[in-house]
Structures are given as C-alpha cells and as structure tokens.
Amino acid sequence: MFSLLRVAIRVALAAVLSMVGAVTVSAHEVQPSVSDVIITESEVTITLTTAIEPLIAGLNLDEITDTNDSPLAGFHDRLRALPPAELSTALTEAWPGIAEQITLRAGDTDLPIVLGEIDIPDVGDVEVRRDSSLTLTADLPDDGTPVVFGWDASLGGLIVRQGDGESSYDAYLTGGAMTDAMPREGVAEQTLGQVIARYVVSGFDHIIPKGLDHILFVLGLFFYALAWRPMLWQVTAFTAAHTVTLALATLGYVQPTMWIIETLIALSIVWIAVENVIGGPKKEIGWPRIAVVFGFGLLHGLGFASVLSEFGLGQHFVASLISFNIGVEIGQLAVIATAFLLLGLPFGSKPFYRKAIVIPGSLIIAAIGTYWVFNRIGLVGDLPYLT
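Values in this document were obtained by computation on a predicted structure and should not be read as measured data.

Concerning the pairing of strand β7 (residues 147-151)
Okay, so step 1: Of all five residues in β7, five are buried, a share of seventy percent or more.
Okay, so step 2: Both faces of β7 are covered, namely the face carrying Val147, Phe149 and Trp151 and the face carrying Val148 and Gly150.
Okay, so step 3: Direction of pairing for strand β3 (residues 102-106) relative to β7: antiparallel, over a ladder of five bridges. Across the sheet, Leu104 pairs through a bridge with Phe149, a residue of β7.

Section: helix α10 (residues 317-347)
Okay, so step 1: Along its 31 residues, α10 runs 44 Å from first to last C-alpha, staying within 8% of the 45 Å computed at 1.5 Å per residue.
Okay, so step 2: Most pronounced at Phe340, the bend in α10 amounts to some 50°.

Regarding the environment of Pro141
Okay, so step 1: Looking at the element boundaries, Pro141 is found in the loop between β6 (132-139) and β7.
Okay, so step 2: Along the primary structure Pro141 and Glu43 are separated by 98 residues, whereas in three dimensions their C-alpha atoms are 8.6 Å apart.

Focus on the nonpolar core
Okay, so step 1: Leu216, Phe223 and Trp372 are the most contacted members of the largest nonpolar core, which totals 52 residues.
Okay, so step 2: Put simply, the parts of the chain that give this core at least two residues each are α5 (192-205), α6 (212-224), α7 (228-250), α8 (258-278), α9 (287-311), α10 and α11 (353-376).
Okay, so step 3: Here this core takes ten residues from α6, the largest share from any one element.
Okay, so step 4: In terms of nonpolar packing, the next biggest core, distinct from the first, is built from 44 residues, Ile64, Leu91, Val147 and Val160 among them.

Brief notes about the packing of aromatic side chains
Okay, so step 1: Using the criterion set out here, one finds five aromatic pairs in the structure.
Okay, so step 2: Each ring, one from Phe217 and one from Phe296, has its centre 6.2 Å from the other, and the planes form 90°; the classification is edge-to-face. Remark: Phe296 occurs in helix α9 and Phe217 occurs in helix α6; sequence separation between them is 79 residues. Side by side, Phe217 and Phe296 carry an identical accessibility label, which is buried.
Okay, so step 3: Both rings, one in Trp233 and one in Trp287, keep their centres 5.4 Å apart while their planes meet at 70°; by these two values the pair is edge-to-face. Pair noted here: Trp233 is in helix α7 and Trp287 is in helix α9, with a separation of 54 residues, a long-range link.
Okay, so step 4: For Trp233, a relative accessible area of 38% translates into the label partly exposed.

Considering the packing of α5 against α10
Okay, so step 1: Contact pair α5 / α10: the axes reach a minimum separation of 6 Å and the direction vectors enclose 35°. Where α5 crosses over α10, the handedness of that crossing is right-handed. Contacts between α5 and α10 involve Leu192, Val195, Ile196, Tyr199, Val200, Ser202, Gly203 and Phe204 on the former and, on the latter, Ala319, Ser320, Ser323, Phe324, Ile326, Gly327, Val328, Ile330, Gly331 and Ala334.
Okay, so step 2: Classifying every residue of the contact of α5 with α10 gives twelve nonpolar, six polar and no charged.

Let's talk about the sheet that holds β7
Okay, so step 1: With antiparallel pairing, the three strands of this open sheet are ordered in space as β4-β3-β7. Taken across any chain shown, the strands that pair with only one partner, and hence form the sheet edges, are β4 (109-110) and β7.
Okay, so step 2: Here β3 runs beside β4; their pairing, made up of two bridges, is antiparallel. By the bridge assignment, Ala106 is partnered in β4 with Thr109.

Some details on the sheet that holds strand β1 (residues 33-39)
Strand pairing in a sheet takes place through backbone hydrogen bonds and is either antiparallel or parallel in direction.
Okay, so step 1: Pairing in this open sheet of six strands is mixed, and the strands run β5-β6-β2-β1-β8-β9 from one edge to the other. Each edge of the open sheet carries a strand with a single partner, namely β5 (114-119) and β9 (169-173). This sheet shows a mean twist of 20° between the axes of neighbouring strands, independent of strand direction.
Okay, so step 2: Inspection of the sheet shows strand β2 (residues 43-50) paired to β6 by eight bridges, in the antiparallel sense. For Thr49, the partnering residue across the bridge sits in β6 and is Ser133.

Topic: α5
Okay, so step 1: With 14 residues, α5 should cover 20 Å at 1.5 Å per step; its first-to-last C-alpha distance of 20 Å lies within 8% of that length.
Okay, so step 2: Among the residues making up α5, those that are buried are Val195, Arg198, Tyr199, Ser202, Gly203 and Asp205. Take α5 and look down its axis: the buried residues cluster within an arc of 160°, on one side only.

So, the side chain of Gln332
Okay, so step 1: Looking at the element boundaries, Gln332 is found in helix α10.
Okay, so step 2: Residue Gln332 is classed as buried on the basis of its relative accessible area of 3%.
Okay, so step 3: When residues no more than four places from it in sequence are discounted, the contact partners of Gln332 are Ile207, Val218, Phe238, Thr239 and His242.

Digging into the environment of Phe223
Okay, so step 1: Relative to the elements of secondary structure, Phe223 occurs in helix α6.
Okay, so step 2: Spatially, the C-alpha atom of Phe223 lies 9.9 Å from that of Leu343, the residues being 120 residues apart in sequence.
Okay, so step 3: Beyond its immediate stretch of four places on either side in the chain, Phe223 contacts Asn276, Leu343, Tyr353, Ile357, Val358, Gly361, Ser362 and Ile365.

Each value, and the rule that gives it
Residues numbered from 1 in each chain as written. Predicted model: local features only at pLDDT ≥ 70, side-chain atom pairs only at ≥ 80, totals over all residues. Heavy atoms only, no water. Buried < 20%, exposed > 50% of the residue type's maximum accessible area, 1.4 Å probe, protein only. Helix = DSSP H or I, 4+ residues; strand = E, 2+ residues; numbered from the N terminus. Pairing = 2+ DSSP bridges. Expected span 1.5 Å × (residues − 1). Bend = angle between axes of the 7 residues up to and from the residue. Core = buried A, V, L, I, M, F, W, Y, C linked by side-chain atoms within 4.5 Å. Phe/Tyr/Trp six-rings, centres within 6.5 Å; stacked < 30°, edge-to-face > 60°. Axes fitted to C-alpha atoms, helices over the stretch in contact; angles between N-to-C directions. Left-handed = near helix turned anticlockwise from the far one by under 90°. Contact = heavy atoms within 4.5 Å. Nonpolar A, V, L, I, M, F, W, Y, C, P; charged D, E, K, R; others polar. Arc of directions from axis to C-beta.

Listed below in structure tokens is the structure:
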C-alpha cells in the first residue's frame, strides 16, 4: 500500500512539474510583435517591432510557443545568424508573401502596404531573439474612412498602439483578430468592458503560460504550509506589494533596470524555497515570513510592469491596472488550486508529505532559481527548457 502511495505521489509531483515545464520561457519563445500606428488624412504609417526571422522562415506562430517546436526551426536558426544586410535581402524577397498575411483597410478599401525602412541589429547571441524595426506605409483614400489593421494568426500575437498618454488606443490581437476602427483624427475608442476583459486576460496570460518565475514563486508559497491562514497571509502580502510597484513603475515614478530586477526575482525564488526546506513544518506564519514575501512582491511587481510598458495604459488607466492585477491573481490562484488538487488534497495529511513532496519540490524550485541567478548575471548560458 505504501509503495502505491509513493508511486501516486511521484505521479502527482510530476504532473505539477510538467505543468511548470509546459510554461517554460526560452530564448526561442514566441513573443508578440509591437506596432505603433500613425494615421493622417492621406497616409498611414506603421512602425513594426518584431523578430523577422520567423516571418521569413514561414513559421506558423499560432501553433507553437517556441520556435524550436517548428519543423522549420533549422531554417529559422540559420536566419538568426545572418548579418543585417543578408537578412534584409531575405526579408525583401519574402515580403510579397508576408504582405498577403497583413490586413490594412480603410472602409471597404484594401490598402497596398509598402515596406520602407528596415532596421536590423547586428548579430549577437544567436540564441537570443533579435527584434528588428520595419516601417510600413500606405496611402489612404480621400473619403475620410477609418483604418483597421491586423494580420493572420500564423504571424503570432500583435500589440497595436495608436496615440500617446491618456488619449491612446492599445489592442492585443491574437488568432487573426482586427483592431477597432482607428479614425484619422484622434484614436479608436474602447468601452470600459472591453478594457477590463482585455487586461484580465493579459494578466492571467502572464502567469499561465508565460510567467514561469512567478509560478515557481507561488508554488514556493504553497509548499510553506497547507493551512489556509498562512497561505492567505502570504498571497495577500504578495498581492499588495506587487500592486504598489506595478502602479509606480507603470506611472513612471520607478524606472528599474530589468536585468537586476529579474536577477533579484530569481533570488526571491531561491530564498522562499530554501526557507521551506530549513524552516520545518508550519501550521502558522510569523511576521518575518510575511515581510519577506511582501518585499519579494515588490520585485515581482516591477517585473509585471515591464509587461504593461509594452501594452500601454491609455484609456481607463485605473480600470486597466486593476484588471491586470485581477488576471494575475486568477493565474496565481489557478496555480495554487492545481497544486492543492494534485498534491495537498490527496497527500497533505500523510506523515510523509513533507519528506516526499515539500522538500523535494522546494529543492527543485531552489535549483531552478539558482540557475536563473547565474544565467541572468551572465555566468551560465541558456538552457532551452528553463530560460
């Protein structure tokens, strides 16, 4: 009987870790493109920031989360190693096919898109995504009709930004979706409901599947104690803290250096996991642990702010910020609920729970966090299943 329980525990722990593995972010991770749109009475100009190698290679970014998963990965990786001049030539040759996957329309009129300036960085670490900048232009008909923009699902996600500050429009397009109608004067309008839905989904998305570091931190909180009171205090402290720094950074009051923040986030994962191992079994929580979790929550909030800096928070700023936090919390609670259903509920009351689950799980989390610390300060290279 005991052997069967041990097998069941291993299966459950493997399920949790496989969930973590499924959300790993690698140097080949598929990330959204970013477009800044300027519309005048006669012309639309789009500055597109994207990795052009997947577009040239013809990868279907709607079906993969990592370019290594594509059958065209070899061709894609060879493109990463091309110097700017050669990659620019490859883009020019592939452009007619790429342009067919982009929709730009004024009213009922399809607009021919002209590929203008191409700015490609020099070859660096070929294992790291290289973002290029493309200038796309199109002449507008003189009927004053608004513009819609989007592209095929196979090109991946697309962040669209029009305008600046509070009078701005932002959209995150997936699955071949189109923007709202963008007028030639002013910007497209979004309802409060549209903004709330968009940012809740975005907040959840940046925990599951994109936030492996945050997932591991939350799992570290889960392994501290199964009792509801310690978990509630930790989650509350973490939420309050990252809400504060997320707001401050998004408003521009704090401008962190992201590699330092990412390194400190990795250290926070190690700290929490090691404390789980050496602290002994817990049924209650002390203020030192709450203070530590709050402090680390401040760091994680700065990490989330780098996400919002891509999207912008123009219309309905407060609702956008709150909605993003709600999405983050739903994602964190989903992680805790999954861990509880797979590990806590069936095995939490067993005498071997700490020895067979908490300690091994925390050690794995600490090991991954330690690797990230050294990776983010440049002492070790990328591992595709961890970075």
